[in-house]
Amino acid sequence: MGFSFFPKEFSFFKLFNEQVGYAVEAAGYFKELTKTGAFDEAALDKIHHLEQLSDNAAHEIIDQLNKSFITPFDREDIHALAIETDDIIDILNAIVNRLNVYKITKVDKGLIRFAEVIEESVKAVATAVKCLDHKKNSKLVNAACVEINRLENIGDDLRDKLIGELFENEKDPIEVIKWKDIYQDAETVLDICEDVSHIVDSILVKHS
Amino acid sequence: MGFSFFPKEFSFFKLFNEQVGYAVEAAGYFKELTKTGAFDEAALDKIHHLEQLSDNAAHEIIDQLNKSFITPFDREDIHALAIETDDIIDILNAIVNRLNVYKITKVDKGLIRFAEVIEESVKAVATAVKCLDHKKNSKLVNAACVEINRLENIGDDLRDKLIGELFENEKDPIEVIKWKDIYQDAETVLDICEDVSHIVDSILVKHS
Amino acid sequence: MGFSFFPKEFSFFKLFNEQVGYAVEAAGYFKELTKTGAFDEAALDKIHHLEQLSDNAAHEIIDQLNKSFITPFDREDIHALAIETDDIIDILNAIVNRLNVYKITKVDKGLIRFAEVIEESVKAVATAVKCLDHKKNSKLVNAACVEINRLENIGDDLRDKLIGELFENEKDPIEVIKWKDIYQDAETVLDICEDVSHIVDSILVKHS
């Protein structure tokens, strides 16, 4: 068995895959929730649990970073990737919490559509992160980043359409306040996915 | 023709001037829009086009940065300056989009006043950025930064006055929701101009 | 008298203590204000004055940083600590300003409770920062960081409870708009305290 200069690389990739896996799970669970409208204590517990697992993975990545002399990419990129990936699940957690606090129980077609776009985007983030381990995957990483950008634009249009309709059709100002917050939060998930893709993209540029 | 150690410097300054020029154009166009209230598709297209030109300039700056061994200022300052200058036009784009989504068509004196202050501030940002190319201009840079700070304070007071009047006089809660968002967005442009001036200021301190 | 390699260290600690002292004073003053409801011009002046003192201290820290060859911790940690500590007093200033603009004069039990939690958290931040000067204090720093995290969770629950009650009981949408903003701002103070504790924590990890 030989000496390896890069013993830590593999564990970084493993930890990143683990972390982004929790985000995919959270996005899938969020999609299910929007179909039932059951934003209850059990839902809060489940998504909060996933958030803590993601948080633990981020901490482990940063711990390893502080201990490693050699890292697969720039230290600040590793740090930024762990923090931003964690932000995806943080905002999903915040949305479910908001839906619970606002006592939303009805199923809303607009939110279901948003949850579908969010799940697609988080899955593309997972692909981008998973393919970072090998240069030969750079086309797959690129394609995933393009897809994340496309979904962010869809999210912008969806938010504008839904908020426009809200002001047009909803006469109860309290409902306007609530749903404007919810749609804005939902769009923010896609912004954060795009932030992750920018980090991935800049890693790719440096290593191409 | 001799060899120059600083072949890239000039292109950095040229690109920064180009980028901040788009922000000045967007601020001028926004001022015109507030006088007609025509926040329509054509307006969205025009400001979105300027935003893309600014974005391209920012990308070219960052590309050049990755290729250059010698840069006129610290790499992180160049990066931050390109990103923050881009944020000016991003938020102007977001405001015009919001005015369109909220179906605002009436001309509002408060917003016209805001657009004037914004244009003055973005012009001062352009002066500060343009004067960065020579040490002999440091007094001009300083004066522009002081002006940007003064305009940001005027913006704070304007937002507070307008939102105070809104709560006092507007009885329709839906209108309160809409205009509070708009005035807050408008003030944010001035905050971002101040962020740019802080970067410029820190470049000046390091090179004085 | 001998030559010291670390002449600047002591002044950094002194300046950090001074700066965090202003934040403690502002949090104490904010607590008093919530008991009287006197969010008037005099209150604005006082908290704005404290904000300027904190700002001056932050500038002096950054000036010293630019002049120092040797610093007690990483330069970026010193910079981040000065900026984030300043953010505590900035947001307290913004809340008092909002309460003034929204013409809030009534005393609200929820806000009083928030102000108490905020004062406790800012005091814990002061303890954490003050104990950074000696390795032997690392347990005290750790305990303070745990406390700041505990108070941030209490703040989240308090905001959710208060906003939930607001939507349940308050029938005037204008009041809902106002108080939702206020409770969200109040919770943000505790988020910023937690951001400071994360910086303190990362300094501790690097030096342990």
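Residues numbered from 1 in each chain as written. Chains lettered and ligands numbered in written order. Predicted model: local features only at pLDDT ≥ 70, side-chain atom pairs only at ≥ 80, totals over all residues.

**Here's the deal with the overall build of chain A**
The number of helices and strands found in chain A is six helices and zero strands. Along chain A, helices and strands appear, N-terminal first, in the series α-α-α-α-α-α. Taken over the C-alpha atoms alone, chain A extends approximately 70 × 30 × 25 Å along its principal axes. Sequence-distant contacts, at least 24 apart, represent 84% of the contacts inside chain A between residues at least 6 apart. (Helix = DSSP H or I, 4+ residues; strand = E, 2+ residues; numbered from the N terminus. Contact = placed C-beta atoms within 7 Å.)

**Focus on the interface of chain C and chain A**
On the side of chain A, eight residues touch chain C, which itself brings eight residues to the contact. Listing elements by their share of the side of chain C that touches chain A, those giving two or more residues are α5 (138–169) and α6 (173–207) of chain C.

**Digging into the relation of the copies chain B and chain C**
Superposing chain B onto chain C takes a rotation of 120° combined with a translation of 0.0 Å along the rotation axis, leaving an RMSD of 0.0 Å. Taken together, the rotation and translation relating the two chain copies correspond to the operation of a three-fold axis. Closest approach to the rotation axis among the C-alpha atoms of chain B is made by B:Pro173, whose C-alpha sits 3.6 Å away. (Least-squares fit on C-alpha atoms with pLDDT ≥ 70 in both.)

**Quick look at the interface of chain B and chain C**
Listed by partner, the interface residues are eight residues for chain B and eight residues for chain C. Among the secondary structure elements, those contributing two or more residues to the side of chain B that touches chain C are α5 (138–169) and α6 (173–207) of chain B. Looking at side-chain class alone, the side of chain B that touches chain C contains six nonpolar, one polar and one charged residues. (Nonpolar A, V, L, I, M, F, W, Y, C, P; charged D, E, K, R; others polar.)

**Some remarks on the packing of α5(B) against α6(B)**
All names here are of chain B. In the contact formed by α5 and α6, the axes pass within 9 Å of each other and the chain directions differ by 165°. Here α5 is positioned roughly antiparallel relative to α6, judged by the angle of their axes. Pair α5 / α6 crosses with left-handed handedness. Tallied by class, the residues present in the contact of α5 with α6 amount to 15 nonpolar, five polar and eight charged. (Axes fitted to C-alpha atoms, helices over the stretch in contact; angles between N-to-C directions. Parallel < 35°, antiparallel > 145°, perpendicular 65-115°, else oblique. Left-handed = near helix turned anticlockwise from the far one by under 90°.)

**Let's talk about the confidence of the model for chain A**
Residue and element names in this part refer to chain A. Taken as a whole, chain A shows an average pLDDT of 92; of its residues, 95% reach a score of 70 or greater. Within chain A, no element has a lower average pLDDT than helix α1 (residues 7–36), which sits at 90, and none a higher one than helix α4 (residues 109–130), at 97. Per-residue pLDDT stays below 50 along residues 1–8; that stretch engages in six contacts with residues further than four places along the chain or on separate chains. The ipTM assigned to the predicted complex is 0.86, against a pTM of 0.91. (pLDDT = per-residue confidence, 0-100.)

**Details of the nonpolar core**
Residues A:Leu92, A:Val125, B:Leu92, B:Val125, C:Leu92 and C:Val125 are the most contacted members of the largest nonpolar core, which totals 189 residues. Among all residues touching A:Val125, those that are not within four sequence positions of it are A:Val20, A:Ala23, A:Ile148, A:Cys193, A:Val196 and A:Ser197. (Core = buried A, V, L, I, M, F, W, Y, C linked by C-beta atoms within 7 Å. Buried ≥ 20, exposed ≤ 12 C-beta atoms within 10 Å, placed from the backbone.)

**Describing unusual backbone geometry**
Residues and elements named next belong to chain A. One non-glycine residue, Lys103, lies in positive phi territory at about 50°. Its place among the elements puts Lys103 in the loop between α3 (75–101) and α4. For Lys103, a count of 11 C-beta atoms within 10 Å gives the class exposed.

**Details of the packing of α4(A) against helix α5 (residues 138–169) of chain A**
All names here are of chain A. At a closest axis distance of 9 Å, the pairing of α4 and α5 adopts a crossing angle of 165°. As judged from the angle between their axes, α4 and α5 are roughly antiparallel. Crossing geometry of α4 relative to α5 is assigned as left-handed. On α5, the residues that touch Gly110, Arg113, Phe114, Val117, Glu120, Ser121, Ala124, Val125, Thr127 and Ala128 of α4 are Leu140, Val141, Ala144, Cys145, Glu147, Ile148, Leu151, Ile154, Gly155, Leu158 and Leu162. Grouping the constituent residues of the contact of α4 with α5 by class yields 14 nonpolar, four polar and three charged.

**Points about the environment of A:Val200**
Residue and element names in this part refer to chain A. With respect to the helices, strands and loops of the structure, Val200 is situated in helix α6 (residues 173–207). The spacing of Val200 and Ala128 is 72 residues in sequence and 7.2 Å in space, taken between C-alpha atoms. With residues up to four places along the chain from it excluded, the contact list for Val200 reads Ala128, Val129, Leu132, Val141 and Cys145.

**With respect to the environment of A:Asp185**
All names here are of chain A. You can see Asp185 is positioned in helix α6. Asp185 sits 90 residues away from Ile95 along the chain, and the two C-alpha atoms are 6.5 Å apart. Sequence-distant contacts of Asp185, defined by excluding residues within four places in its chain, comprise Ile91, Ala94, Ile95 and Arg98.

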